[in-house]
Amino acid sequence: MFHFIILLCLLLSFQVTAIAEQQPSKTVSFKVVTVVRGLNYPWSLAFLPDSSFLVTERGGRMLLFKNDGVTRVVRGLPRITAKVQGGLLDVIPDPDFSTNRTIYFSYVAGGFGGTGTEVARAVLDGTTLKNMKVIFRAEPKTKKPKHFGSRLLIAPDGKLFITLGDRGNKDWHSDSGKKHVAQDLSNHLGTIVRINRDGSIPKDNPFVGRKGYKPEIYTYGNRNVQGIARHPETGAIWFHEHGPKGGDELGILKAGANYGWPIVTYGIDYNGDIISYKTSAPGIEQPLIQWTPCIAPSGMTIYDGSAFPEWKNNIFIGALVQRHLRRVILQGNRVVGEESLLKSLRERIRDVRTGPDGYLYVLTDSQNGRLLRLEPLSSP
């Protein structure tokens, strides 16, 4: 066992090595630096106030990286079901992490009916999770192994947003009269939920007190949301979600809003069938931009660092299918331009974060995944 741990540390050595190719964009030239290599389908990255950071791997490992160059495996995770799209997913620190050492993480767990997204909080004591508490379980669990969400965001008021997916449920057709799970507020599937950090329900949630409605629900009609971020200046919360074959969407979060899936969509089913002939309908929020063909968005940050002043308040999104980093240029709440970065790497991008040093960090999605850092050629 001792030799295995030593080998693991060597394979996941925290070494910084530059990629030879410089990467131009429309506004700035930058270089890409490999910070960590040898990651097994990494899913999320979280920076901690003490200059360390966490990386989750979908297969069920959480890794802690410090400045000493040694990779540490975090112990004490719950039982995780890692299958197809499921596994260990997002991780974020508590706003008061410096004093309470608390983190929140989402994962897929088994139970009655199948599997589903769950969220837990725990104290990170060295490399061990202690005082773990499950604060949310998406209901119902199902046997389908996809569309779990799941990104986490803590708003300035301390409320925790959890993005979820519809679990790939197709029990709906525009002519059948059936209500799809994403339009049925008696379950959590196809929603974004909002809870207090202890797992209790905020009294000002839009559906609190309505009979038959899940009081955690904040929005519904969502297909599979894997990116959420707060604008540092306007305070608006932006999110994106996967469409089917076409129709990935980017929008702004509004309490109680219906985002339409699958009543309206810009995409079609993977087999070519029409899901809905409507791309808009009364009472349904329209995306601010939609992507057809799909980029398959995952991870999201709204850049507020100092290293790239030309990118201030731009949205950066990982693209899994199109294998690039998508830069979205905003003017207020309007999308006024886009750019595809890192295309020459030909890597699936799973997550992107703004680092405390002002650089952009990107996780590549593969069995030999990497953590990359984008740096300007002339540092500020």
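Residues numbered from 1 in each chain as written. Predicted model: local features only at pLDDT ≥ 70, side-chain atom pairs only at ≥ 80, totals over all residues. Heavy atoms only, no water.

> Quick question: what am I supposed to make of the pairing of strand 17 (residues 248-252) here?
Look at any regular strand and the pattern is simple: side chains alternate between the two faces of the sheet. Most of strand 17 is tucked away: five of the five residues are buried. Along strand 17, one buried face is formed by Asp 248, Leu 250 and Ile 252 and the opposite face, lined by Glu 249 and Gly 251, is buried too. Pairing geometry for strand 16 (residues 237-241) and strand 17, over four bridges, is antiparallel. Across the sheet, residue Trp 238 finds its bridge partner in strand 17, namely Ile 252. A loop of six residues connects strand 16 with strand 17, the two strands running antiparallel in sequence, and Gly 246 in this loop sits at a positive phi of about 100°. (Buried < 20%, exposed > 50% of the residue type's maximum accessible area, 1.4 Å probe, protein only. Helix = DSSP H or I, 4+ residues; strand = E, 2+ residues; numbered from the N terminus. Pairing = 2+ DSSP bridges.)

> Please clarify how empty space enclosed by the protein should be interpreted in this entry.
Rolled over the atoms, a probe as big as a water molecule pinpoints where empty space is left. In this structure the tally under the stated criterion is four cavities of 30 Å³ or more. Around the largest cavity, the lining residues are Gly 221, Arg 223, Glu 241, His 242, Gly 243, Pro 244, Gly 247, Glu 249, Tyr 259, Trp 261, Val 264 and Thr 265. In the lining of the largest cavity, the residues fall into four nonpolar, five polar and three charged. Looking at the second largest cavity, its volume works out to about 40 Å³. Every residue lining the second largest cavity is listed: Gly 116, Thr 117, Ala 138, Pro 140, Phe 148, Leu 164, Gly 165, Arg 167 and Leu 189. Of the residues that constitute the lining of the second largest cavity, the class distribution is five nonpolar, three polar and one charged. (1 Å grid on protein atoms, 1.4 Å probe; cavity = no way out; pocket = protein on both sides within 12 Å on 5 of 7 lines; lining within 4 Å. Points joined across faces, edges and corners; volume = space filled by probe spheres on them. Nonpolar A, V, L, I, M, F, W, Y, C, P; charged D, E, K, R; others polar.)

> What should I look at first to understand the pattern of salt bridges in this one?
A side chain of one charge can pair with a side chain of the opposite charge if their charged atoms are brought near each other. A complete count under the given rule lists 22 salt bridges for this structure. Connected through salt bridges with shared partners, the residues Asp 90, Arg 151, Asp 351 and Arg 353 form a single ionic network. (Salt bridge = Lys/Arg side-chain N within 4 Å of Asp/Glu carboxyl O.)

> Is there a simple way to think about unusual backbone geometry in this case?
Between Gly 149 and the following residue, Ser 150, the backbone shows a cis peptide bond with an omega angle of 5°. Of note, Ser 150 is situated in the loop between strand 10 (128-137) and strand 11 (152-154). For Asn 313, which is not glycine, the phi dihedral falls at a positive 65°. Backbone geometry at Arg 346 places phi at a positive 55°, although glycine is not the residue there. Counting through the fold element by element, Arg 346 comes out in the loop between strand 22 (334-341) and strand 23 (349-354).

> I tried to follow the packing of aromatic side chains on my own but got confused; where do I start?
To describe a pair of aromatic rings, you give the distance between the ring centres and the angle between the ring planes. If you walk through the whole model with that rule in mind, you get 14 aromatic pairs. Ring centres 6.5 Å apart and planes at 90° place the aromatic pair Phe 30 and Phe 308 in the edge-to-face group. Highlighted residues: Phe 30 in strand 2 (residues 29-39) and Phe 308 in the loop between strand 19 (297-302) and strand 20 (315-319), separated in sequence by 278 residues. The buried category is assigned to Phe 30, whose relative accessible area is 0%. Between Tyr 303 and Phe 308, the aromatic rings sit 6.1 Å apart at their centres with planes inclined by 65°, giving edge-to-face as the arrangement. Just as Tyr 303 is buried, Phe 308 falls in that class too. Ring-pair connections join several aromatic residues into one group, and the members of that group are Phe 30, Tyr 303, Phe 308, Trp 311 and Phe 316. Positioned over the ring face of Tyr 41 is Arg 58, at 4.9 Å from the centre of the ring. For Arg 223, the ring lying beneath its charged end belongs to Trp 261, and the centroid distance is 5.2 Å. (Phe/Tyr/Trp six-rings, centres within 6.5 Å; stacked < 30°, edge-to-face > 60°. Lys NZ or Arg CZ within 6 Å of the ring centre and 35° of its normal.)

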